[in-house]
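Listed below, chain by chain, are the residues.
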Amino acid sequence: MMIGGFDATLHPAARLQIAALLARVDEAEFATIRDIVEVSDSVLSKHLSVLVEDGHVRLRKASLGGRQRTWAALTRNGRQAFTAHIAALQRLVDDAQARITAD
């Protein structure tokens, strides 16, 4: 759900970090995301499930080195939502900065 560009799904810090990471790459492996965001497997799994459910992320499972791996990527809708969300955050920061410097 988006309100004024803010996306409630992306707003929690861990999900925002996940989206920011995925915005820079075509896809990322689950363990890489977990290590960068510094959350447990179960916490990352829950966040990814929410992002998938809202259509922001797609998951791909593949075998690598004989082990099943999960890869995540932002969808087109996810990229658009992330772009709108960071623009809304930037407007918020710019407004606050203008008010601070006006004082």
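Keep in mind it's a predicted model, so treat the numbers as computed, not measured.

Trainee: Explain the overall build of the protein chain to me, please; I cannot follow it from the model alone.
Mentor: From N to C terminus, the protein chain includes four helices and five strands. Starting at the N terminus and ending at the C terminus, the protein chain contains elements arranged as β-β-α-β-α-α-β-β-α. For the protein chain, the spread of C-alpha atoms along the principal axes amounts to about 60 × 25 × 20 Å. For the protein chain, the share of sequence-separated contacts (at least 6 apart) that also reach a separation of at least 24 residues comes to 53%. For the protein chain, the exposed surface amounts to about 6,500 Å²; the carbon and sulfur share of it is 55%. Computing the positive centroid from 13 side-chain charges and the negative centroid from 12, the protein chain places the two 7 Å apart.

Trainee: It is not clear to me how the confidence of the model for the protein chain should be interpreted in this structure. Could you clarify?
Mentor: Reading fine detail from the predicted coordinates is not recommended where pLDDT is low. Summing up the model confidence of the protein chain, the mean pLDDT is 92 and the portion of residues at 70 or higher is 97%. At the level of individual helices and strands, the protein chain shows its lowest average pLDDT in strand S1 (residues 2-3), which scores 57, and its highest in helix H3 (residues 41-53), which scores 98.

Trainee: It is not clear to me how the environment of Thr-75 should be interpreted in this structure. Could you clarify?
Mentor: Here Thr-75 shows up in the loop between strand S5 (67-74) and helix H4 (76-102). Taking C-alpha positions, Thr-75 is 9.9 Å from Asp-26, a pair spaced 49 residues apart along the chain. With residues up to four places along the chain from it excluded, the contact list for Thr-75 reads Gly-55, His-56, Val-57 and Arg-58.

Trainee: When you look at the nonpolar core in this model, what are you seeing that I'm missing?
Mentor: The nonpolar side chains of soluble globular proteins are, as a tendency, buried together. Grouped together as the largest cluster of nonpolar side chains are 18 residues, with contacts concentrated most on Ile-18, Leu-22, Ile-33, Leu-48 and Val-57. Per element, the largest residue contribution to this core is five residues, and it comes from helix H1 (residues 13-23). Ignoring any residue separated from it by four or fewer positions in sequence, one finds Leu-22 in contact with Ala-28, Ile-33, Val-57, Ala-72, Ala-73, Leu-74 and Arg-79.

Trainee: Looking at this model, I keep getting lost on the packing of H1 against H4. Mind explaining?
Mentor: Two measures define how a pair of helices packs: the angle their axes make with one another and the distance between the axes. Remark: H1 packs on H4, axes separated minimally by 11 Å, with the N-to-C direction vectors making an angle of 115°. In this structure, the crossing between H1 and H4 has a hand that is left-handed. Two secondary-structure elements touch here, H1 through Leu-16, Ala-19, Ala-20, Leu-22 and Ala-23 and H4 through Arg-79, Phe-82, His-85 and Leu-89. Its residues placed into classes, the contact of H1 with H4 shows seven nonpolar, one polar and one charged.

Criteria and cut-off values
- Residues numbered from 1 in each chain as written.
- Predicted model: local features only at pLDDT ≥ 70, side-chain atom pairs only at ≥ 80, totals over all residues.
- Heavy atoms only, no water.
- Helix = DSSP H or I, 4+ residues; strand = E, 2+ residues; numbered from the N terminus.
- Contact = heavy atoms within 4.5 Å.
- Areas by Shrake-Rupley, 256 points an atom, 1.4 Å probe, with all protein chains shown as cover.
- Lys, Arg positive; Asp, Glu negative; His and termini not counted.
- Charge placed at Lys NZ, Arg CZ, Asp CG, Glu CD.
- pLDDT = per-residue confidence, 0-100.
- Core = buried A, V, L, I, M, F, W, Y, C linked by side-chain atoms within 4.5 Å.
- Buried < 20%, exposed > 50% of the residue type's maximum accessible area, 1.4 Å probe, protein only.
- Axes fitted to C-alpha atoms, helices over the stretch in contact; angles between N-to-C directions.
- Left-handed = near helix turned anticlockwise from the far one by under 90°.
- Nonpolar A, V, L, I, M, F, W, Y, C, P; charged D, E, K, R; others polar.

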